[in-house]
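Breakdown of the fold
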Amino acid sequence: MTMEEIRFYGVIVAAIGSLLSFLGVVYVAKVNRQHTLNLQKHSQENERHFEDIKHLNAEKLASLQAELSAQSHRSQKNYEKKLDVLSGAFDKLGKIQSLVESYVVPYTVHTQSRDPQKLVEASRVFEELREYHLRNAIFFDKDDKLGSSMSEIMVQLNYLNNLSDSDSMDVVAERQKAFSQKINPAIYSVKEQYQRATAE
């Protein structure tokens, strides 16, 4: 082999080496490009999944917020109704007590004691209270004493209604005192329930 042949083969080997290097670079570029395209595709798919999840979670969150708002509204309405019921019961109890007390002892010189209309009115308000309590029993607490003392209040109110004109003021005062002993626990119970409800 001559020098020229060696050079010729050297150039061919160098050309083949360069060609292989070039083909290697092209191959690596093609693989990198394919890898980049795959990464972009996965990234786009992940973004779509993320958006789907975000949208789904937003719908769930909106649904939960709507349900929470509805429950809060119902709870607020029940709370307000409970306060109204307790206030109404307290008002009726106070009216009954005031009528009975003014039957025994007038508060001013313009009212007279032993006015039978006061007991008639007290009995009418008691009947309203009894019906009111039955219709709204769900709003009273478990420890409510109004419901359990209704019959005792009624008995004492009937004792007062059965007084005759000949009964002494001592007898009237004694019956009024017995009446107060039966109605006061109910009044305090309703008041306590109202105060507990407003403290929550």
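Residues numbered from 1 in each chain as written. Predicted model: local features only at pLDDT ≥ 70, side-chain atom pairs only at ≥ 80, totals over all residues. Heavy atoms only, no water.

Here we take up the overall build of the chain. Tallying secondary structure elements over the chain gives four helices and zero strands in all. Along the chain, from the amino end to the carboxyl end, the secondary structure elements read α-α-α-α. By the compact-globule yardstick of 16 Å for 200 residues, the chain is too spread out, its C-alpha radius of gyration being 46 Å. Viewed in the frame of its principal axes, the chain has a C-alpha envelope of about 160 × 30 × 20 Å. For the chain, buried positions account for 24% of its 200 residues. For the chain, restricting intrachain contacts to residue pairs at least 6 apart in sequence, the fraction spanning at least 24 positions comes to 71%. Here the chain contributes 25 positively and 27 negatively charged side chains, and the mean placements of these two sets differ by 3 Å. (Helix = DSSP H or I, 4+ residues; strand = E, 2+ residues; numbered from the N terminus. Rg over C-alpha atoms; globule rule 2.2 N^0.38 Å. Buried < 20%, exposed > 50% of the residue type's maximum accessible area, 1.4 Å probe, protein only. Contact = heavy atoms within 4.5 Å. Lys, Arg positive; Asp, Glu negative; His and termini not counted. Charge placed at Lys NZ, Arg CZ, Asp CG, Glu CD.)

With 29 residues, the main nonpolar core has Leu-93, Ile-96, Leu-146 and Phe-179 as its most contacted residues. For this core, the secondary structure elements donating two or more residues are helix H1 (3-104), helix H2 (116-135), helix H3 (146-161) and helix H4 (169-199). With nine residues, the single largest contributor to this core is H1. With near-sequence residues (within four places) excluded, Leu-146 lies in contact with Ala-89, Leu-93, Leu-129, His-133, Phe-140, Ala-186, Ser-189 and Val-190. (Core = buried A, V, L, I, M, F, W, Y, C linked by side-chain atoms within 4.5 Å.)

Attention now goes to the packing of H2 against H3. Closest axis-to-axis distance for the H2/H3 pair is 11 Å, and the angle between their directions is 165°. When the interaxial angle is binned, H2 and H3 end up roughly antiparallel. Note that H2 runs across H3; the crossing there is left-handed. The segment H2 lies against H3, with Leu-119, Val-120, Ala-122, Ser-123, Phe-126, Leu-129, Arg-130 and His-133 engaging Leu-146, Gly-147, Met-150, Ile-153, Met-154, Leu-157, Leu-160 and Asn-161. Of the residues contributing to the contact of H2 with H3, the split by class is eleven nonpolar, four polar and one charged. (Axes fitted to C-alpha atoms, helices over the stretch in contact; angles between N-to-C directions. Parallel < 35°, antiparallel > 145°, perpendicular 65-115°, else oblique. Left-handed = near helix turned anticlockwise from the far one by under 90°. Nonpolar A, V, L, I, M, F, W, Y, C, P; charged D, E, K, R; others polar.)

Within the element layout of this structure, Gln-156 appears in helix H3. A relative accessible area of 11% places Gln-156 in the buried class. Sequence separation between Gln-156 and Ser-69 is 87 residues; the distance between their C-alpha atoms is 48 Å. Look past the residues within four positions of Gln-156 in its chain and what remains in contact with it is Arg-175, Ala-178, Phe-179 and Lys-182.

All right, on to H4 then. The end-to-end C-alpha distance of H4 is 43 Å, a good match for the 45 Å that 31 residues give at a rise of 1.5 Å each. Of all bends in H4, the biggest is about 30°, found at Ile-183, and the proline Pro-185 comes one to four residues later. Of the surrounding secondary structure, the elements contacted by the buried residues of H4 are H1 and H3. (Expected span 1.5 Å × (residues − 1). Bend = angle between axes of the 7 residues up to and from the residue.)

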